[in-house]
Amino acid sequence: LSPTLPSQPQPSSLLFHPPWAHRLPDQVTELAPSALSFVQDIFHQHDQDQDGLLDSIDLSELFSAAPYFPWEGAKWVDSAEASHHGGFTFNGWMSRWALTTMLEPETSLAFLLYLGYLGDIRYAVQLSKRRGAERTKGKLDRTTLKVVVLGPPNAGKSAVLDGVLGLPFNKPKDCSPSVLQETQGSVHTQAEYHPGSRMVAKTLEKESRLFSLTLHEPSPESLSPYLCSEDTIQTCDVALIVYDQSNSQSRQAAFQMLNRLTDMDCSVPCLVVANKSDLPCDPVDVSLAVDECNALGLPPPMQLSLKIGDTSSLCSLLMEIAFDPFPYVPDTPMRKAAKQTRILLRKVAVYVSVGTTVGVIGVVMW
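First, a word on what this report is: a plain description of the structure on this page. Quick caveat, the model's predicted, so the values are computed rather than measured.

**Observations regarding the overall build of the protein chain**
Alright, step 1. The number of helices and strands found in the protein chain is 12 helices and 12 strands.
Alright, step 2. For the protein chain, restricting intrachain contacts to residue pairs at least 6 apart in sequence, the fraction spanning at least 24 positions comes to 74%.
Alright, step 3. Looking at the protein chain as shown, the accessible area adds up to about 17,600 Å², and 57% of this sits on carbon and sulfur atoms.

As structure tokens, this is what we get:
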């Protein structure tokens, strides 16, 4: 859906030192609470017929002061939830803002100004805390979560992204958008768009808060950094490994990817999905997949059929993993050694405590 607005170049960077200039791999840019409330209010103010949608007329009026429409072009096609007629639902509206702020924070700042944001624009976009600090505290402060979707060709990765958005299972391939590829070369990730890759976002509510779950399917050209670079995989909250359960070679290729992630010992939780579970499969393959997950200390693969089911359970599970990642972090040799050391130290502490107690009792009785 693209209202009639003049097309202009991207806005230049705002004249202040942005907080994301020194972003680390495990940090994400997102709207600050005041800006988040502003875009929520804007949606409701311009939903003139109160039908829970912004149609082309609503959007044209909303962006009348802007030089161009922010989500125009192939890279934004099927990137967030929309109505059957192409209107923006509230969740789709919030998802687009989250995706834009994560990838192009300067664009979000510029359009906040175009829409009349009166707060201090310097603080409208914030940088999340580091993921390790959030895990230590046991509380997830960030509201934008990134999932990388990995797997061999024809595993159904694109269908998973379509399913998350509620798109038809048999959507024609020529409707698929161009995507983004993330290029390396700095401590933070810069996003640029490249055919073959794709990112979508879905807004969900958990614990009375809105979260944007973003799923990135890398192109073949941009896949390698996720399997070789710890800085790249650390940009993700969850790695989703998808394979075709009816194809033995697909399973083998998927677990090869999983093992490469494990070899990096990067502490990124991994969810394995056995896709196309409606198709006949070899029971031996199913058993082997469970065994391989057990060997890494992971739950068995999640059974998924996008043809006969939906992805609500998948989205819920991804959210749960982001909140409590440790059961899904593979047991690497280093992690196993650390676990053994902790167990040994606890045993030694118990023995020392018991020995000390016995010694004290002996002295008292003597």
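**Description of helix H11 (residues 312-323)**
Alright, step 1. Here H11 contains 12 residues, and its C-alpha end-to-end distance of 17 Å stays within 8% of the 16 Å for a straight helix at 1.5 Å per residue.
Alright, step 2. When we look at burial in H11, the residues that qualify are Leu314, Cys315, Leu317, Leu318, Met319, Ile321 and Ala322.

**A closer look at the sheet that holds strand S5 (residues 144-150)**
Alright, step 1. A sheet is described by the order of its strands in space; here 6 strands give the open sequence S8-S9-S5-S10-S11-S12, paired in mixed fashion. In this open sheet, the two strands that pair with only one neighbour each are strand S8 (198-206) and strand S12 (302-303).
Alright, step 2. Two elements, strand S10 (residues 238-244) and strand S11 (residues 270-275), share 6 bridges in a ladder whose sense is parallel. Bridge pairing links Ala239 to Cys270 in S11.

**Notes on the nonpolar core**
Alright, step 1. Counting 34 residues, the largest nonpolar core has Phe63, Trp93, Trp97 and Leu112 as the members making the most contacts within it.
Alright, step 2. Apart from residues lying up to four places away in sequence, Trp93 is in contact with Val39, Ile42, Phe43, Leu54, Leu59, Leu62, Phe63, Trp71 and Phe88.

**A word on the pairing of S5**
Alright, step 1. Among the 7 residues that make up S5, 7 are buried, leaving the element largely enclosed by the rest of the structure.
Alright, step 2. Taking every second residue as pointing to the same face, both faces of S5 are buried, with Thr144, Lys146, Val148 and Leu150 on one and Leu145, Val147 and Val149 on the other.
Alright, step 3. With 5 bridges connecting them, S5 and strand S9 (residues 209-217) associate as parallel partners. Looking at S9, one finds that Leu145 is bridged to Leu213.
Alright, step 4. Here 4 bridges tie S5 to S10, and the two strands are oriented parallel to one another. Each residue of the ladder has a partner; that of Val147, found in S10, is Val238.

**Some details on the pattern of salt bridges**
Alright, step 1. Under the defined criterion, the tally for this structure stands at 11 salt bridges.
Alright, step 2. We note a salt bridge from Lys129 to Asp141, for which the minimum N-O separation is 3.3 Å. Residue Lys129 is located in the loop between strand S4 (125-127) and helix H5 (131-137), and its partner Asp141 is located in the loop between H5 and S5; the two are separated by 12 residues in the primary sequence.
Alright, step 3. Given a relative accessible area of 23%, Asp141 falls into the partly exposed group.

**Some remarks on the packing of helix H9 (residues 248-264) against helix H10 (residues 283-295)**
Alright, step 1. The contact between H9 and H10 brings their axes to 10 Å, and the two run at 10°. In terms of their interaxial angle, H9 and H10 are classed as roughly parallel. Residue-level inspection shows Ser248, Arg251 and Phe255 of H9 in contact with H10, the latter providing Asp285, Leu288, Ala289, Glu292 and Cys293.
Alright, step 2. Of the residues that constitute the contact of H9 with H10, the class distribution is 4 nonpolar, 1 polar and 3 charged.

**Quick look at the packing of helix H1 (residues 33-46) against helix H3 (residues 90-103)**
Alright, step 1. Running from amino to carboxyl end, H1 crosses H3 at an angle of 145°, the nearest separation of the two axes being 11 Å. Along this stretch, H1 crosses H3, giving a crossing that reads as right-handed. Across the interface between the two elements, Leu36, Val39, Gln40, Ile42, Phe43 and His44 of H1 pack against Phe90, Trp93, Met94 and Trp97 of H3.
Alright, step 2. Looking at the contact of H1 with H3 residue by residue, the class counts come to 8 nonpolar, 2 polar and no charged.

**Focus on helix H4 (residues 105-114)**
An α-helix turns once every 3.6 residues. As a result, residues three or four positions apart point the same way.
Alright, step 1. Counting buried residues in H4 gives 7 out of 10 residues, a clear majority hidden from the surface.
Alright, step 2. All buried positions along H4 are accounted for by Pro105, Thr107, Ser108, Leu109, Ala110, Phe111 and Leu112.
Alright, step 3. Tucked into the core, H4 has its buried residues touching strand S1 (29-31), H1, H3 and S4.
Alright, step 4. Of the residues one or two after H4, Gly116 is the one with positive phi, at around 95°.

**Brief notes about the packing of aromatic side chains**
Alright, step 1. Applying the stated rule across the entire model yields 17 aromatic pairs.
Alright, step 2. Chaining the aromatic ring pairs together yields one cluster made of Phe43, Phe63, Tyr68, Phe69, Trp71, Phe88, Phe90, Trp93, Trp97, Phe111 and Tyr114.
Alright, step 3. When the ring centre of Phe88 is taken as origin, the NZ or CZ atom of Arg96, which lies over that ring, is 3.8 Å away.
Alright, step 4. The positively charged end of Arg135 is found above the aromatic ring belonging to Phe326, 5.9 Å away from the centroid.

The rules behind these values
Residues numbered from 1 in each chain as written. Predicted model: local features only at pLDDT ≥ 70, side-chain atom pairs only at ≥ 80, totals over all residues. Heavy atoms only, no water. Helix = DSSP H or I, 4+ residues; strand = E, 2+ residues; numbered from the N terminus. Contact = heavy atoms within 4.5 Å. Areas by Shrake-Rupley, 256 points an atom, 1.4 Å probe, with all protein chains shown as cover. Expected span 1.5 Å × (residues − 1). Buried < 20%, exposed > 50% of the residue type's maximum accessible area, 1.4 Å probe, protein only. Pairing = 2+ DSSP bridges. Core = buried A, V, L, I, M, F, W, Y, C linked by side-chain atoms within 4.5 Å. Salt bridge = Lys/Arg side-chain N within 4 Å of Asp/Glu carboxyl O. Axes fitted to C-alpha atoms, helices over the stretch in contact; angles between N-to-C directions. Parallel < 35°, antiparallel > 145°, perpendicular 65-115°, else oblique. Nonpolar A, V, L, I, M, F, W, Y, C, P; charged D, E, K, R; others polar. Left-handed = near helix turned anticlockwise from the far one by under 90°. Phe/Tyr/Trp six-rings, centres within 6.5 Å; stacked < 30°, edge-to-face > 60°. Lys NZ or Arg CZ within 6 Å of the ring centre and 35° of its normal.

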